[in-house]
Structures are given as structure tokens and as C-alpha cells.
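Commentary on secondary and tertiary structure
Residues per chain are reported as follows:
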Amino acid sequence: MRERLIQTGLAIVAFSAVAAIFLIAIFIFFEGTPLVVKVGLLRFLASSHWAPTKGHFGILPMIVGSLEVTLLAILVGALLGLSCALFLAEFAPRWSVRILKPLIELLAGIPSVVYGFIGVVVLVPWIRNTFGGPGFSVLASGLVLGIMVLPTIIAISLDALQAVPLSYKEGSLALGATRWQTLYRVMLPAARSGIIAGFVLGMGRAVGETMAVIMVAGNALTIPHSLLQPVRTLTSNIALEMGYATGDHQAALFATGMVLFIITILLNTIALFAVRTRR
Amino acid sequence: MTNRLNFLIIGKRMSLHQKSVFFALFSAFLFLAVAGCGTGSKQKLTIAGSTSVEPFAERLAELYMRNHPEVEINVQGGGSSAGIRAVTSHICQIGMSSRHLTDEEAKTLHQFTIAYDGIVLVVNRQNPVRNLTLEQARALFSGRLRFWDELGWEHRRITLVTREEGSGTRASFEEMVMKDDRGEMASFSADALVQDSNGAVREIVARDPAAIGYISMGLVDERCSALSLNGITPNDSTIRSCTYPLSRRFLFLTSSPPQGLTKQFIDYVLSPEGQRALAEEGLTPVSE
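The model shown is predicted, which means the values in this text are computed figures rather than measured ones.

Quick look at the overall build of chain B
When you go through chain B residue by residue, the secondary structure sums to 11 helices and 11 strands. The buried share of chain B, taken over its 288 residues, is 40%. For chain B, the proportion of contacts with a sequence separation of at least 24, taken over those separated by at least 6, is 70%.

As C-alpha cells, then:
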């Protein structure tokens, strides 16, 4: 009897967590779809004129902005993260792994507003003084996000590297390959799908990050064609304007959320498949 | 509707026993939900109108309801004209307007000035420019003027800082600066940085020598320089007399002499406490 009760209780809690996700999705689509229908999907996605209180609902600059910022972030994050994972998996003495790994995980626990604040106070003025422009830019957002996705990328690629059977490595070394050759020709290909999954999950994180980006991106409504131009992402569009938005404006923000939701789901699905093909 | 959905998803494959447990929890949840929004006996007040006044009215309503839990104040936007229409036709008790009333409107409505709104152009302390004309300000923010040397400083690309769409300050600025003599509204330059608070705008202007932004008078401090417009310095007296071009009066309107809750709320807004709250939000109070 008691067993059953606990079992039921856990089931209810588990189901309500999943139900919450479904309800959120339904709610977003419920609120956003009418506007997309009203404006027209193509006009909504491909127009770059965003003035929602005056009846213009084009989110192209935000889509492009999100993609640009995410790409830059993943370039930075992949380069730093993969190097770090390789070092930890292959070269680092065991005591330093024991110190470094928790420290990297700690990175994930720092609130995003702190990253944003450091970005505003240090990174933005540095970019402004070194390269010119307002400082609030694609570059600033990409760099901040690049650091923020590090824990995800490092943790997952490290797992992938450590999951490569020892025999592969030993076999390669026994055939006379150098350590670098082994790493490059054997370890990396064997861990490839896991590493890619790490990158994709990192991208998911970067696409969804809001606070830090609002603080350093400048949020201008242009399609940036230089790293030094300000940019607005999908997330910051929602968070910036939700305060006083009403009517169609609010619906347009929900529709922005729909686009974001679809992008995130796509990325997560890709990551899931990437991990699956490994096994 | 959401509750029923929740039930459908969970209720599908459950034994009778499971169902009873579920129903117990579910009804407890429903009970809480209903208890949470039990509004039966509350006194209600509806305020509607200008979207520039709306955020301030919302703040005041929030403060008032904190001390008067028996009252429910509902603040809606829609614009000054919609507010005037709504209060004239008794759809709401108080209308909000950020524009002057026409003679006809003034005849039928009772006006209460709750505060003055002055919007000030601010630049970095290093910037020697001290005065702009309204036309220059419009050219600047629509992106037609791009370098500071066109305004008598060094050759430096201007960094524009504006507010997010939906903000009352932005709406006022658009109305008073971006509209030309023929009533054509220029749109903001797409390159302008967008920030979601007066404080964030001020922060950028304080740090970037090339920046220019606009904030409420009450939030100007020594970290940035306020510009005069058409030669008129913004201060409390030029704003109260509306001689400074970017100033206007925020009005509460009623269709008859206020009574009951309507009167109590307007009295609260005009009290030292209400006026202090408005000053904290950046407005200029009615009197010193």
C-alpha cells in the first residue's frame, strides 16, 4: 500500500514536470500563432522592419543576429573547450584534473548577469577603445557566450574522450604512432559524435542565453555585417520589450518565442542523434 | 483550460486508486487557485489611457494596493485619446492623458495634473556640445547626422542610445522630437543601441565619449551632461512651465467631481507620498 502511494506520488510529480513543458509549448504557440497568421509567415520571418507598436513585425535581424552570435560563440567555445578537454583527457597529470574539473564545473554556476556585468565593464570598453565602434557588438556577445558555453562543451567532450576504449589508444601507440598522431587520427574520430553533441548543446545554450547578451549586445535593430556592430538576438528581443508590450506587440513577442523554441528543439534533437550514433 | 489539459494527460492510464489520489491533489490545487484569486468583495477602480502615463499609474496603483488590500486597481493603456474617450463614456473611472485637452474635452472633463515629464538629452562629460535644436536632435536620432564634427566637435562616429519599443519615455520622445512640423514621424536609426531602462542608457552615455541618449529629467546626474534644446535649459521650472520643448503634463481625468475610491486614489497620487514615488520614477512633481 505504502509502496503504491510513493510510486503514484513520484509518477504524478514526474508527469507534471513533463506536462509543464507541454503546457508551456502549447501556451506559446497558442499566443503566437494568430499573429504569424495575421502578418504572414514569410513577412514575419523575412522582413527586417520591426516596429511592433506601428504594425511592422519583421524578425529577420533577430534571427540573423542570434545565428551570428551563436556561431561566434561556438567557434570560441569549441576552440577553447576542445583544447581544454584534450588536455584534461590526455596530457594533464591526475592531480591537476582533480582541481581543474570542479573549477570548470563552477563556471556553469556563475549567474549570467555576472558574465554580462564583466562584459559591460571590461570587454565592451576594451573593444570600443581597441577597434572603435560603440563596443556593444557581435564580438562582445560572442566572446561572453563563448566563455559561458565552455562548461557544457568541456564536460561532454571530456566524457566522450574518456569513453574511447583504452585498446584503441594502446593499439595506435603500439603501431608506432606518436602521441599527437594517436590523438588526431584515433581518439578524436572515435569520440567525434560525443564532441559534436557537446558543440550542439553548447549552441543550444548560446541561442537561449538572454541576460548577458542584453547587457553587451547593444540590441540595435540592424542586420550586423561586421563583428563590431551592435546586434539583437531573439531572446533579448523578448526580454527587452515584454515589460510594456500589449496586444499584437505581445503576441509578436510570443511568436518570437515560437521561433526560438523551434530552433532550440532542433538543436537538441541533433545533439540527441549525434549521441545516439556513437553507441 | 490548462487545468483540464493537465488532467487529460495524467489521467489517461490510471487505476481507480491512483485516480482518487490524483483527484485529491487536483482538488486541493483547484481550491488553492480559487482561494488565490477570490475577488468577490473587492472595490474596483479602472484607469485607462496614455501609454506614457501607464507605467507610472501602475506603480502608484501597486503602492496603493499594498496599503489597501481591499482595493483592486486595473491600469490599461490604449493612448491618451482612447483614455479620454473611455472616461467620457464611463468605461473607466479615471482617464490618463499626456496631451493637452481640446477646448471641447476640457469642458466636460475634470483634470488633475499628477506630474510633469521632462525628457533630457544627455551626452558624455567629455563632449563639449551643450545645445541642440529640435531639428538637429531629430536628424541625429533618425541617423541623418552621423559624426560629431557636424555639431562642432571632433570627427567621431556618434553612438545613439534609445529605449525599447513600448517604453513610455520612447513614445514621448518620438511624439515630441521625431515628428516634424507636418506631423511626419521619422523612425529611429536602426544602428541605435537599445536599452531597457533610463539607468542603462545613462550608464552607456557615462562610459562612451561618443554617446548620446535621452532619459527622464529626474534621473540626470553628474556622470553625464544634460543638453539644452533650442537654447532652453531643462530644469524643474522650465519643465513645469512647459517652456522646455521636451516637457509635458501628465493628467488624470474624471467625468464628474471624483468621489469615493476615485477621490481617495487621486488624493493619494497628489499627496507627498505619491509625489515622492513619481519623483523616484523620474518625473517632476507638481510642486516643490
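Next comes the rest of the description.
With respect to the overall build of chain A
Within chain A one finds 13 helices and 2 strands. Projected onto its principal axes, the C-alpha coordinates of chain A cover approximately 70 × 70 × 30 Å. Relative to its 279 residues, chain A shows a buried fraction of 41%. A separation threshold of at least 6 residues defines the contact pool for chain A, and within that pool the share at least 24 residues apart is 74%.

Structural notes on the interface of chain A and chain B
Taken together, the contacts link 28 residues of chain A with 26 residues of chain B. Those elements that provide at least two residues to the side of chain A that touches chain B are helix H1 (2-39), helix H5 (112-131) and helix H12 (234-241) of chain A. Per element, the largest residue contribution to the side of chain A that touches chain B is 6 residues, and it comes from H1 of chain A.

Considerations on the nonpolar core
Judged by nonpolar contacts, the single largest core of 136 residues is most densely connected at Val144 and Val216 of chain A. Those residues in contact with Val144 of chain A, other than ones at most four positions away along the chain, are Tyr115, Gly116, Gly119, Leu123, Ala212 and Val216 of chain A.

What about unusual backbone geometry?
All names here are of chain B. You will see that His90, though not glycine, has its phi angle at about 60 degrees, which is positive. Mapped onto the fold, His90 is located in the loop between helix H4 (80-88) and strand E3 (94-97). With 9 C-beta atoms counted inside 10 Å, the residue His90 sits in the exposed group. The backbone of Cys242 sits at a positive phi, close to 60 degrees, despite the residue not being glycine. By the element assignment, Cys242 lies in the loop between helix H9 (236-240) and strand E11 (247-254).

Things to note about the confidence of the model for chain A
Here chain A shows a mean pLDDT of 91. Residues at 70 or above account for 99%. Per-element averaging of pLDDT across chain A places helix H13 (residues 247-278) of chain A at the bottom with 87 and helix H6 (residues 138-148) of chain A at the top with 96.

Focus on the environment of Thr256 of chain A
All names here are of chain A. Along the chain, Thr256 turns up in helix H13. The exposure class assigned to Thr256 is buried, which follows from the 27 C-beta atoms found within 10 Å. Once the C-alpha coordinates of Thr256 and Ile28 are considered, the two residues, 228 residues apart in sequence, prove to be 9.4 Å apart. When near neighbours in sequence (up to four residues on either side) are disregarded, Thr256 contacts Ile59, Met62, Leu234, Asn237 and Ile238.

A closer look at the packing of helix H3 (residues 60-91) of chain A against H6 of chain A
Residues and elements named next belong to chain A. With their axes 7 Å apart at the nearest point, H3 and H6 run at an angle of 45 degrees to one another. Our classification of the angle between H3 and H6 gives oblique. As H3 runs across H6, the sense of the crossing is right-handed. On H6, the residues that touch Glu68, Val69, Leu72, Ala73, Val76, Gly77 and Leu80 of H3 are Val138, Ser141, Gly142, Leu143, Leu145 and Gly146. Residue composition of the contact of H3 with H6, grouped by class: 8 nonpolar, 4 polar and 1 charged.

Observations regarding the environment of Arg179 of chain A
On the secondary structure map, Arg179 of chain A appears in helix H9 (residues 179-190). Sequence spacing of Arg179 of chain A and Glu90 of chain A is 89 residues, and the spatial spacing of their C-alpha atoms is 9.2 Å.

Looking at the pairing of strand E1 (residues 43-49) of chain B
Residue and element names in this part refer to chain B. Where E1 and strand E2 (residues 71-78) come together, 7 bridges link them in parallel fashion. When the bridges of E2 are listed, Gln43 appears paired with Val71. Running through helix H3 (residues 54-67), the crossover from E1 to the neighbouring parallel element E2 is right-handed. Strand direction decides the pairing type here: E1 and E3, joined by 3 bridges, are parallel. Across the sheet, residue Ala48 finds its bridge partner in E3, namely Gly95.

So, helix H10 (residues 260-270) of chain B
All names here are of chain B. When we look at burial in H10, the residues that qualify are Thr262, Phe265 and Val269. Along H10, the residues classed as buried sweep out an arc of 70 degrees about the axis, all on the same side. Among the exposed residues of H10, those oriented more than 90 degrees off its buried face are Gly260, Lys263 and Asp267.

Re the pairing of strand E6 (residues 159-163) of chain B
Residues and elements named next belong to chain B. With 5 of its 5 residues buried, E6 lies for the most part within the structure. In E6, alternate side chains face the same way, and those of Thr159, Val161 and Arg163 on one face and Leu160 and Thr162 on the other are all buried. With 2 bridges joining them, E6 and strand E8 (residues 211-216) adopt parallel strand pairing. Bridging across to E8, Thr159 finds its partner in Ala211. For E6 and strand E7 (residues 193-195), the ladder comprises 3 bridges, and the chain directions are parallel.

Side note on the packing of helix H7 (residues 150-163) of chain A against helix H10 (residues 192-208) of chain A
All names here are of chain A. Interaxial distance between H7 and H10 falls to 8 Å at its minimum, and their mutual angle equals 170 degrees. Here H7 lies roughly antiparallel to H10, going by the angle between them. When the axes of H7 and H10 are compared, the crossing they make is right-handed. Contacts between H7 and H10 involve Thr152, Ile153, Ile156, Ser157, Asp159, Ala160 and Ala163 from the former and Gly194, Ile195, Ala197, Gly198, Phe199, Leu201, Gly202 and Arg205 from the latter.

Digging into the confidence of the model for chain B
Residue and element names in this part refer to chain B. With 85% of its residues at a pLDDT of 70 or more, chain B shows a mean pLDDT of 83. Below pLDDT 50 for its whole length, residues 34-39 participates in 1 contact with residues either more than four positions away or in separate chains. At the level of chain-chain contacts, confidence expressed as ipTM amounts to 0.83, with global pTM at 0.77.

Parameters and conventions
- Residues numbered from 1 in each chain as written.
- Chains lettered and ligands numbered in written order.
- Predicted model: local features only at pLDDT ≥ 70, side-chain atom pairs only at ≥ 80, totals over all residues.
- Helix = DSSP H or I, 4+ residues; strand = E, 2+ residues; numbered from the N terminus.
- Buried ≥ 20, exposed ≤ 12 C-beta atoms within 10 Å, placed from the backbone.
- Contact = placed C-beta atoms within 7 Å.
- Core = buried A, V, L, I, M, F, W, Y, C linked by C-beta atoms within 7 Å.
- pLDDT = per-residue confidence, 0-100.
- Axes fitted to C-alpha atoms, helices over the stretch in contact; angles between N-to-C directions.
- Parallel < 35°, antiparallel > 145°, perpendicular 65-115°, else oblique.
- Left-handed = near helix turned anticlockwise from the far one by under 90°.
- Nonpolar A, V, L, I, M, F, W, Y, C, P; charged D, E, K, R; others polar.
- Pairing = 2+ DSSP bridges.
- Right-handed = clockwise from strand over helix to strand, strands pointing away.
- Arc of directions from axis to C-beta.

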